[in-house]
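Single-letter residue listing:
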There are 2 protein chains.
Amino acid sequence: MNAPQPEFPTTTPSFTELLAQSRQPFPASRKSYLPGQLHADLRVPVRDIALTNGEQVSVYDTSGPYTDPDAQIDIRRGLPSLRAPWIDARGDSEWYVGRMRMALDDGGRSDEALRLKQLRAEAAGLQRQPRRAKSGANVTQMHYARRGIITPEMEYVALRENGRREWIAAYQQDAEREQRLVGNPLGASIPRIITPEFVREEVARGRAIIPANINHPEIEPMAIGRNFKVKINANIGNSAVTSSIEEEVEKLVWATRWGADNVMDLSTGKNIHTTRDWILRNSPVPIGTVPIYQALEKVGGVAEDLTWEIFRDTLVEQAEQGVDYFTIHAGVRLAFIHLTAQRRTGIVSRGGSIMAKWCMTHHRESFLYEHFEDICDIMKQYDVSFSLGDGLRPGSASDANDAAQFAELQTLGELTQIAWKHDVQTMIEGPGHVPMHLIQANMAEQLKHCHEAPFYTLGPLTIDIAPGYDHIASAIGAAMIGWMGTAMLCYVTPKEHLGLPDRDDVKQGIMAYKIAAHAADVAKGHPGARARDDALSQARFDFRWQDQFNLGLDPDTAQAYHDETLPKDAAKVAHFCSMCGPKFCSMKITQEVREFAAQKGLAEDAALAQGMQAKAQEFQQAGGQFYVPITPVN
Amino acid sequence: MNAPQPEFPTTTPSFTELLAQSRQPFPASRKSYLPGQLHADLRVPVRDIALTNGEQVSVYDTSGPYTDPDAQIDIRRGLPSLRAPWIDARGDSEWYVGRMRMALDDGGRSDEALRLKQLRAEAAGLQRQPRRAKSGANVTQMHYARRGIITPEMEYVALRENGRREWIAAYQQDAEREQRLVGNPLGASIPRIITPEFVREEVARGRAIIPANINHPEIEPMAIGRNFKVKINANIGNSAVTSSIEEEVEKLVWATRWGADNVMDLSTGKNIHTTRDWILRNSPVPIGTVPIYQALEKVGGVAEDLTWEIFRDTLVEQAEQGVDYFTIHAGVRLAFIHLTAQRRTGIVSRGGSIMAKWCMTHHRESFLYEHFEDICDIMKQYDVSFSLGDGLRPGSASDANDAAQFAELQTLGELTQIAWKHDVQTMIEGPGHVPMHLIQANMAEQLKHCHEAPFYTLGPLTIDIAPGYDHIASAIGAAMIGWMGTAMLCYVTPKEHLGLPDRDDVKQGIMAYKIAAHAADVAKGHPGARARDDALSQARFDFRWQDQFNLGLDPDTAQAYHDETLPKDAAKVAHFCSMCGPKFCSMKITQEVREFAAQKGLAEDAALAQGMQAKAQEFQQAGGQFYVPITPVN
């Protein structure tokens, strides 16, 4: 049995076939790349959607090279090292032999040596020599930012957040015409155009991070911060000995295709080291892990046998592989554990309970807390970002916002300042289970104690009675806290609390969270976020059915649902929908209102009255035809 | 083609079989009835869920007699007339011959006469002689309430809203121990216990309605108001000539089984009168309609041919059948139409555009507005409630909260006061498409202009780019506006904007809206709302899997998801879940923390420290066993 992780059918279609499918470009979409200015070699991806009216809409694209038909991809060699030249050019890191690899890294037992050998052979083409900072150097994006350096990663992020701003100009003018359309940032300060310098400032002050381990040069850089688009994270994990490279990579590609900005590899059990090679070398998005899971495997699952040395060794192992951020539950302090005693659901974080167990057993302060500066020393040699774990997060509405949760949050704030002393990028993990009326306090406390370090929440779930639908129960909380300032939302699937998400559950979870993140961007007034809504609404009003599907988050499902009722192609251009049918269409009326109002330039009702009179006669003369003429569709 | 309506497979299983399935009681659940005090003959339904630990949880039950195995139901005769004795006892209404039935009522044409004859024959057992108020009398619940009368309907509602408060006492004490658990009512004033007198006061001041046409005596009375549980509405509609009694009733039973508090019959096209007989006579929940749809059918779909006389005749027709509330778009005034000219998506309400078309064509004020008092005179003879339609609601985020929308809302407020002058119960319909940051203003404007008459919103959808997932995009807005004070939420299905919802879409829409409504109740601090969450969380913590499933909104789905991963029955009692697996369980750790903390009564960390030391030794002596002992499950 393993930690939370999707399990995928190993039956037909094979993962090789699924991977091929997942590489198909989206309908009417073309991947194109924006060039850099400060750094000319940048190629920042956007997805251009061609509309049937000749317009073009460009959207943020997380899918990496996989949806680019021109990209030559061999998952046994891994993706091209996009960032290698940038890292080289900085000249502050060096190749080195790296930590010696051990059977234990894969939780290997002798009886599995053979299988392990096969797996490693498969991964042979994915081995890379590790880099680390030269002695005394610090290779974090925060370190560069604080020295006034705008890295290629920072410019990349700026271009990516802006996308093609040209096309949204018209929509933005609408927005600026009326205050109601501008959004309410609730303390965020999002500039109309994201400049590379703005990205640098945000990273320098710790308000945004760019997870980018120097040993993961394959990533397309992205930013997590309240003044950027709200991002989402999807969790995947290996299926132990059953998994293959194709299977692992297909999960990853599937998740990023639908919009995962980050992916956490929560693998446990066997072959996790090798599986991580497969994932990292083929991932265009930052990868996060919870190193304590692997460390626990190394001590046979006995929490109290964990030591700083074993944990440290695991950090180095994963940093050398290229993991971009580590969830570390350093806020679970000995003194806080008893605060959970009266809770309804106690400690629900796996990492949190591992550390609680360790602290109780040894009656000692957490080694993660005591060695926090040592951890920083490792992080800054590779630019691994902290995701400070909320090991004491509430596991039910009735434990929300309690003393244990907020005591830990305050500690995470202290640790943030230590991390920043080392220029280590840091984000803060948040709950969990929180009713709507307690969500605001979570954001307020986090901003207060954690100095605007990016907040990264799991949901929160607003109710506890929806097993089977927790992606919805949590999307409500996620949208609200995203609006309030949370920078990244960790998805929840329909299987939460019940079982292991399968391929469709992963998609359902991602869809619910893309909705939450976009709703937050629109409410915050992220420049251009609303433009896509406007483009789709316009297509809806104009009966451009195909454009409606293609502008949506999931064109396949939208079109499939439409075709269930009106399968004929004729319906794709029909001036009606199955809601009202051909006999009557409210949109049609509006077009009449508009033409009419436009002709008469209705300034006031007097003009209206007169115009109406005239229009009334026109209508009657025209026989008051009311049906919308269309070719019949059964 | 027809108006929004679910279409159901006529293939196997037959609707008779489906209906039988839908009559199955929920797992571990028993329907029982609470007796009245003021009115001894009341039998108010609750669903008692027996937990495996001997506790019992009781929940609000919308499913009517259908889930009562003792109920003898013949859908060709209709449900028993629960309220008949109460209505008789009031002695203010009389039987009368009623309006003469016409072929046009069913949109009948000669070529369909035979089929129509068959359908009517089927419905023969469902014919009832109508009642109306005696000359000069007023039979509305509001009229009684204002005269200080507590009707059986009011006491029924009080008992129903309270449910079995005994079982939640313990949970309520928890809640009252800590302010954070109490909720934030945002202006609602929900008493700890709902008394019949409180219901009377709320109805008298118009802050709640009890939709209850005297010609629909079959209903189990329910209340719609901000100081009661948030309710949800599901839309159904006939499938024209293909439909059968079984099909129509099965849709209804399916919707109420999953939690629809109200159902709107949006049928259009043929046989709507007869279909309405089928639905009303078999419905335990209030039924709403949009009479203008049928009126439009009567004039062959030509909006400008509508007349007050035809509309009036349709109101009487439907009032005599027993429709409990009418959506009437009387706020679409001639002078407001040009305000929609610059909108991105114009007028999207079907009723709104019908009236706009009529006003434009004749260049006259809406006959609904001009005859509003005449309409009140009809409503009060049957106790039909107003649902004042928002014909100018926004159809996209970019039209939200604009001049047209708020001009109409203000008019609906004026009309509310006219309705109240006649003691006619009234609620107000709301949008629609509204980004999160504009939702609060909708509630504030409604409260300001409509004098706390119940608000009944469609969503609102927070974004426009999620076709195929609009039940989620709208559940976010629905939960928020429900918390802010909206009394009833009209569901949105995944097929919204795309096609006709099928049976599963209806369930998906209802689930999303039960989640939104419950999240709102919890946030508002509705007494006892949170208790069900607590009971489920406790079951989760105690590894009472079966109780987790049975306490959820959809036990079938929860159990099915769980069994996909851990099918063995052993897993139902296993002290682990598939998230962490048998090897490690965070809940187990918490139990250790708790026992320990309980023993030592940890007042402060000193005690903790000492206790920890001791506990540490215990652990080591016990060999620090860390695995959770369970029977292996593959």
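The paragraphs below set out a description of the structure included in this document. (Residues numbered from 1 in each chain as written. Chains lettered and ligands numbered in written order. Predicted model: local features only at pLDDT ≥ 70, side-chain atom pairs only at ≥ 80, totals over all residues. Heavy atoms only, no water.)

Once that is clear, we can look at the environment of P555 of chain B. All names here are of chain B. The topology assignment puts P555 in helix α21 (residues 555-565). Linking P555 and Y66, residues 489 residues apart in sequence, is a C-alpha distance of 18 Å. With sequence-adjacent residues up to four places away left out, P555 is seen in contact with F26, P27, F549 and N550. (Helix = DSSP H or I, 4+ residues; strand = E, 2+ residues; numbered from the N terminus. Contact = heavy atoms within 4.5 Å.)

What follows concerns unusual backbone geometry. Cis geometry marks the peptide bond from P431 of chain A to G432 of chain A, where omega comes out at 10°. Looking at where G432 of chain A falls in the secondary structure, it is placed in the loop between β13 (426-430) and α16 (439-450). The step from G459 of chain B to P460 of chain B runs through a cis peptide bond, and the omega angle for that step is 5°. Tracing the backbone shows P460 of chain B in the loop between β14 (455-458) and α17 (470-484). Phi at H363 of chain A takes a positive value of approximately 40°, unusual for a residue other than glycine. Taking the relative accessible area as the measure of exposure, H363 of chain A reaches 15% and is therefore buried. Phi at E452 of chain B is positive, roughly 70°, even though this residue is not glycine. In this fold, E452 of chain B is placed in the loop between α16 (439-450) and β14. (Buried < 20%, exposed > 50% of the residue type's maximum accessible area, 1.4 Å probe, protein only.)

We now examine the pattern of salt bridges. By the definition in use, this model includes 81 salt bridges over all chains. In this structure, D313 of chain A and R99 of chain A form a salt bridge, with 2.6 Å as the shortest nitrogen-oxygen distance. Here D313 of chain A, found in helix α11 (residues 308-321), pairs with R99 of chain A, found in the loop between β4 (93-95) and α3 (113-122); they are 214 residues apart in sequence, far enough to count as distant. A relative accessible area of 23% places D313 of chain A in the partly exposed class. Between R101 of chain A and D106 of chain A there is a salt bridge, with the nearest N and O atoms lying 3.9 Å from each other. Overlapping salt bridges, with partners in common, bring together R99, D105, R276, K298, D313 and E317 of chain B in one network. (Salt bridge = Lys/Arg side-chain N within 4 Å of Asp/Glu carboxyl O.)

Residues and elements named next belong to chain A. For β13, the tally of buried residues reaches five of five residues, placing the bulk of the element in the interior. What you see with β13 is no split at all: T426, I428 and G430 on one side and M427 and E429 on the other are buried throughout. With three bridges connecting them, strand β12 (residues 385-388) and β13 associate as parallel partners. In the sheet register, F386 faces β13, and the bridge partner there is T426. With helix α15 (residues 403-421) bridging β12 and the parallel β13, this β-α-β connection has right-handed handedness. Examined bridge by bridge, β13 and strand β14 (residues 455-458) share three bridges and lie parallel to one another. In the strand pairing of β14, I428 is matched with F455. Handedness of the crossover joining β13 and β14 through α16 is recorded here as right-handed. (Pairing = 2+ DSSP bridges. Right-handed = clockwise from strand over helix to strand, strands pointing away.)

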